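Descriptive analysis of the structure
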Amino acid sequence: STRRPHHHHLFDSPLHGIAAAMSRAVLMVKRIARVSGYTLGAGAVGAAAAGGYLCATEPGAGRAARFWIRAGPIVLNYSMARYWAKDQEDRSARYEVLHERHAPDARRIIEELRGMFIKVAQVLSIRAEIVPETYRREFRKLQDSAPASRWEAIQDTLERDLGAPLGELFDHIDKEPLGSASIGQAHLVAWRGTQAVVKVQYPEAASNMRADFWCLETLLWLVGDADAGRITRQVREQFEIELDYAQEAVHLQGLYDALTGTPAGARFAGRVAIPRPIPELTAGAVIGMEYFPGPKLETVCMQRLEALGMNLKGKSLNDWFADKAGVGTASDSLGGQAAQSAAEPSSAVSKSSRLGTWLLRLVGIDFALRFLGATADVRLRWWRPSGSSSSDGVAATTAELRDTLRLILDVHGFQLFCCPFFNGDPHPGNILMLPDGRVGLIDFGQCKALSDEERAGLARLVLALSEPGAGEAAGSNARIAEAFAATGVRSVNSDEAFLSTLPRLMFCGLTPEMLDREKIRVVFRGDKVEHMPLHMIMAYRTSMLLRGLCLVLQENVSVAHAWRPWAEMWLREHVSSGAKSAAVGMAV
């Protein structure tokens, strides 16, 4: 059975551990001063010693200190602008100048400190409600990569939380990690005659997270608006889930049981796999699970992009997605960012040229994508990447990959409407092409449980978006806007055009209308998102990642259409007949 993480103050105030360490340091300095009798310099000695002791004993304090040493001048400039501003208009004008000057500085600071700063800044890059566009543009340039931790720290964590020396725990463990991220890394082990994986959280991950969020929340309060605190707390809650390895083990077990032990999950038998949890290797900051061999779908995607002549310039596919999603239109609203995410992949496919966009409108998006898919097939047939074989997934044809993509879309609809949790981070690095032909899903740190009310609202929105003829007709707009608002989303002006366009951009396939950037700009100038619940943000992220993956593999899909059968099934089984009739009436 799993145990809670050993750091019991994981989700306390970000200054809790820092304050405790400071108190210990001050007591230590007082004793030194009393014994030595040098009371005259006790204050100066105390400050220096407390600071040194704090940075040595509380990793997050050292990061916070480095952050504020670098960010202090930026904060001072904003504080001066606020003080000298004559009124709100003057303050906004002064801030705009400072945004242009300091946004690149903020990005460089984050790149230097890395860790949770990178992940949080990437999330904030799509939160137009609180982050100025200049900062969002810089944050979208960040690449999420992390060096492996020292082996000694990983060994100490394994032996402490699993309760035995490594020689007694495993027949063998690879010191070189299978992969590393900002909060932990995974190692392949031989255990009781079989291969397994242990995912280990870095000892300083929780402390760094608290310090990073405290720094970012303070900075956003200075440069943002009144909603900054609320939104950043919401983002923080999202990442606290990922730090809780005990809860991730629950996610893994729940999704494994749903896939392998329910009638709805039976349709994926032999086609989709989730690692079997290993309770004996799960405790504290360690999760044990079945090992899946095979290349990541990310590798397949990158090879196909390179076959089409697209240079990723050393970026991961996830970073490339983020970069491409950042160039677009309507950047003054959250909806604008959704529009960017929807429209920009087509620009990326056409190498961002005006001529390419015109041709897409002329020949059609689907035809253009199929032509590119056929081109990739031909090039990969004659140019196979070194080290690849016909069975490793890299040389799969477009038709084979389309079947895989449909399966991936289907299983995530199953998660949303039939499982206790759904994974909000299905990027291609978390999807494996197994040697037996199955698709393997890994990494369930970013999962969300949905209440019946949340699930019903999302199901009705999916139905409204996927009804035949749910185009730009006035009746369709009204139904979609009503269903979208019923999920808990609020906009400033409750504009119907905005509330019907945004969910189409979030969950539907590309259409010629989405390529009309001027039309999108007009819609999003008139309104912006005021509040979007966390479950909708995570559902949108899931849709964005899956649709972006499909576009990279030359397939234009509507996520709403793919999820419609699961939404219908959930409403049929969980909503009373009266409410069901109302839901169907609203969607038709």
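1. Things to note about the pattern of salt bridges
- Under the criterion given, the structure shown has 21 salt bridges.
- For the salt bridge of Glu248 with Lys199, the shortest nitrogen-to-oxygen distance reads 2.7 Å. Here the residue Glu248 occupies a position in helix α11 (residues 245–261), and Lys199 occupies one in strand β4 (residues 194–201), the gap between them amounting to 49 residues. Lys199 shares its class with Glu248; the two are buried.
- In this structure, Arg490 and Glu530 form a salt bridge, with 3.8 Å as the shortest nitrogen-oxygen distance. Of this pair, Arg490 sits in strand β11 (residues 490–491) while Glu530 sits in strand β12 (residues 529–531); the two residues are 40 residues apart in sequence, bridging distant segments of the chain.
- A relative accessible area of 44% means that Arg490 is categorised as partly exposed.
- For Glu530, a relative accessible area of 34% puts it in the partly exposed group.
- Sharing partners across several salt bridges, the network here consists of Glu100, Glu133, Arg136 and Arg137.

2. Some thoughts on unusual backbone geometry
- One non-glycine residue, Arg192, lies in the positive phi region at around 50 degrees.
- Looking at the element boundaries, Arg192 is found in the loop between β3 (184–191) and β4.
- Given a relative accessible area of 62%, Arg192 falls into the exposed group.
- Its identity as a non-glycine residue notwithstanding, Ser494 has a phi of 55 degrees, on the positive side.
- Checked against the element boundaries, Ser494 lands in the loop between β11 and α20 (496–507).

3. A word on α20
- Under the 1.5 Å per step criterion, the end-to-end length of α20 is 17 Å for twelve residues, consistent within 8% with the ideal 16 Å.
- Most of α20 is tucked away, with ten of its twelve residues classed as buried.
- Phe498, Leu499, Ser500, Thr501, Leu502, Pro503, Arg504, Leu505, Met506 and Phe507 are the residues of α20 that are buried.
- The N-cap residue of α20 is Asp495: its side-chain oxygen and the backbone nitrogen of Ala497 are 3.3 Å apart.

4. Description of α11
- An ideal rise of 1.5 Å per residue puts 24 Å on 17 residues; α11 measures up with 23 Å between its terminal C-alpha atoms.
- All buried positions along α11 are accounted for by Tyr245, Ala246, Glu248, Ala249, His251, Leu252, Gly254, Leu255, Ala258 and Leu259.

5. Considerations on the confidence of the model for the chain
- Put simply, the chain has an average pLDDT of 76, and 68% of its residues get 70 or more.
- Low pLDDT, under 50, characterises residues 325–353; the stretch is placed with 89 contacts to residues that sit more than four places away or in other chains.
- Low pLDDT, under 50, characterises residues 385–391; the stretch is placed with nine contacts to residues that sit more than four places away or in other chains.

6. Topic: the nonpolar core
- Core analysis: the largest hydrophobic core is formed by 139 residues, its most contacted members being Leu158, Phe170 and Phe417.
- Ranked by residues supplied to this core, first place goes to helix α22 (residues 534–552) with twelve residues.

The rules behind each value
- Residues numbered from 1 in each chain as written.
- Predicted model: local features only at pLDDT ≥ 70, side-chain atom pairs only at ≥ 80, totals over all residues.
- Heavy atoms only, no water.
- Salt bridge = Lys/Arg side-chain N within 4 Å of Asp/Glu carboxyl O.
- Helix = DSSP H or I, 4+ residues; strand = E, 2+ residues; numbered from the N terminus.
- Buried < 20%, exposed > 50% of the residue type's maximum accessible area, 1.4 Å probe, protein only.
- Expected span 1.5 Å × (residues − 1).
- Polar contact = N/O pair within 3.5 Å; in protein donor to acceptor, adjacent residues only side chain to side chain.
- pLDDT = per-residue confidence, 0-100.
- Contact = heavy atoms within 4.5 Å.
- Core = buried A, V, L, I, M, F, W, Y, C linked by side-chain atoms within 4.5 Å.

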